[in-house]
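In case you want the letters, here they are:
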Amino acid sequence: PFVDRQQIICVGSYTWQKGFDFVLKSYARSIAKNKIKIKFFGFNYNSYLIDLTRLSNKLGINKKFIEFKVGVEKRKLLDEYEKAKILLFASHTECQPLSIIEACSTGTPFIAKNSGSISNIPGGIVINNISEMSKKINYLLEDINFWNYLSFSGKTSGKLKYNIDINTKKFIKVLGEV
């Protein structure tokens, strides 16, 4: 349930292409700033991560309300999705956004920058700029009914459309027809 989820997350590689700076700026403009912890999950420690830390300081984000994680294993990362109120996603280009699909499968609504196929994925809100993202963060945190609707839509889609067992059977069937 919404009340049990006590964080916001952002998942991807620590590179400028993933738009983590966009997410930081959006969070800093929202009602969540310094009230709800935001956690970033990336694969490697690098200079971009140092830049993000500096940016968070410049934006006045209290160190108690932000974490940058590196190399978290998949099962633990899925646990983090299940603790999150929202996944923020701002990749500049994206073909198949796995972090959004993982969020959906755990019932975590997403707010994502419009890129690739994201607008076709149920369970979230698509935005175009920092101002829109910060406003939608506020909206989701204030409207529990809409949060529940997105959570249910994403989870249902995750189970039916992105289920590995179902898709493996479909793939095997297609291969049998060739």
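Above: the structure in question.
Residues numbered from 1 in each chain as written. Predicted model: local features only at pLDDT ≥ 70, side-chain atom pairs only at ≥ 80, totals over all residues. Heavy atoms only, no water.

**Points about the overall build of the protein**
Right, on to step 1. What the protein contains, in helices and strands, is seven helices and six strands.
Right, on to step 2. Its helices and strands taken in sequence order, the protein reads β-α-β-α-β-α-β-α-β-β-α-α-α from the N to the C terminus.
Right, on to step 3. Taking all 178 residues of the protein together, the buried fraction comes to 47%.
Right, on to step 4. Here the contacts in the protein between residues at least 6 apart in sequence split such that 69% fall between residues at least 24 apart.
Right, on to step 5. Approximately 9500 Å² of the protein is accessible, and the part contributed by carbon and sulfur atoms is 56%. (Helix = DSSP H or I, 4+ residues; strand = E, 2+ residues; numbered from the N terminus. Buried < 20%, exposed > 50% of the residue type's maximum accessible area, 1.4 Å probe, protein only. Contact = heavy atoms within 4.5 Å. Areas by Shrake-Rupley, 256 points an atom, 1.4 Å probe, with all protein chains shown as cover.)

**Side note on the side chain of Ser 99**
Right, on to step 1. Along the chain, Ser 99 falls in helix 4 (residues 98-105).
Right, on to step 2. Look at Ser 99 and you get buried, because its relative accessible area is 8%.
Right, on to step 3. Residue contacts for Ser 99: discarding those within four places in its chain leaves Val 11, Tyr 81, Leu 87 and Phe 89.

**Re helix 2 (residues 47-58)**
Right, on to step 1. Its twelve residues give helix 2 an end-to-end C-alpha distance of 17 Å, which sits within 8% of 16 Å, the value for a rise of 1.5 Å per residue.
Right, on to step 2. The set of residues buried in helix 2 consists of Tyr 48, Leu 49, Leu 52, Leu 55 and Ser 56. When helix 2 is viewed along its axis, its buried side chains cluster within an angular range of 115° and face the same direction. Every exposed residue of helix 2 that faces more than 90 degrees away from the buried side is listed here: Ser 47, Arg 54 and Lys 58.
Right, on to step 3. Looking at the buried residues of helix 2, the elements they touch are helix 1 (20-29) and strand 3 (66-70). (Expected span 1.5 Å × (residues − 1). Arc of directions from axis to C-beta.)

**Here we look at the pairing of strand 5 (residues 110-113)**
Moving residue by residue along a regular strand, the side chains alternate between the two faces of the sheet.
Right, on to step 1. Burial along strand 5 is two-sided: Phe 110 and Ala 112 facing one way and Ile 111 and Lys 113 facing the other are all buried.
Right, on to step 2. Pairing of strand 4 (residues 84-89) with strand 5 involves three bridges; the strand directions are parallel. Bridge assignment links Leu 88 to a residue of strand 5, and that residue is Ile 111.
Right, on to step 3. Sheet topology places strand 5 next to strand 6 (residues 124-127); four bridges connect them, and they run parallel. Considered in strand 6, the bridge of Ala 112 is made with Val 126. (Pairing = 2+ DSSP bridges.)

**Description of the sheet that holds strand 1 (residues 7-11)**
Two strands in a sheet stick together by hydrogen bonds in their backbones, pointing the same way (parallel) or opposite ways (antiparallel).
Right, on to step 1. Strand order in the open sheet formed by six strands is 3-2-1-4-5-6, and the pairing between neighbours is parallel. At either end of the open sheet lies a strand with only one pairing partner, and these are strand 3 and strand 6. Taken pair by pair, the neighbouring strands of this sheet meet at an average axis angle of 20°, ignoring direction.
Right, on to step 2. Where strand 2 (residues 37-42) meets strand 3, five bridges bridge the pair, whose relative direction is parallel. Within the sheet, the bridge partner assigned to Ile 38 lies in strand 3 and is Ile 66.
Right, on to step 3. Across the sheet, helix 5 (residues 130-142) is in contact with strand 1, strand 4, strand 5 and strand 6; its angle to strand 4 comes to roughly 165°. (Axes fitted to C-alpha atoms, helices over the stretch in contact; angles between N-to-C directions.)

**With respect to unusual backbone geometry**
Right, on to step 1. Even without a glycine there, the phi angle at Asn 34 is positive, about 60°.
Right, on to step 2. Among the structural elements, Asn 34 can be located in the loop between helix 1 and strand 2.
Right, on to step 3. For Asn 34, a relative accessible area of 25% puts it in the partly exposed group.

**Examining the layout of surface pockets**
Over the atoms, a rolling probe the size of a water molecule traces out where space has been left empty.
Right, on to step 1. Space inside the largest pocket adds up to approximately 260 Å³.
Right, on to step 2. Along its surface, the largest pocket is lined by 17 residues, and Val 11, Gly 12, Phe 43, Ser 99 and Glu 102 are the ones closest to its centre.
Right, on to step 3. Elements with a minimum of two residues in the lining of the largest pocket: strand 2, helix 3 (74-82) and helix 4.
Right, on to step 4. Ranked by residues supplied to the lining of the largest pocket, first place goes to helix 4 with three residues.
Right, on to step 5. Its residues placed into classes, the lining of the largest pocket shows eight nonpolar, five polar and four charged. (1 Å grid on protein atoms, 1.4 Å probe; cavity = no way out; pocket = protein on both sides within 12 Å on 5 of 7 lines; lining within 4 Å. Points joined across faces, edges and corners; volume = space filled by probe spheres on them. Nonpolar A, V, L, I, M, F, W, Y, C, P; charged D, E, K, R; others polar.)

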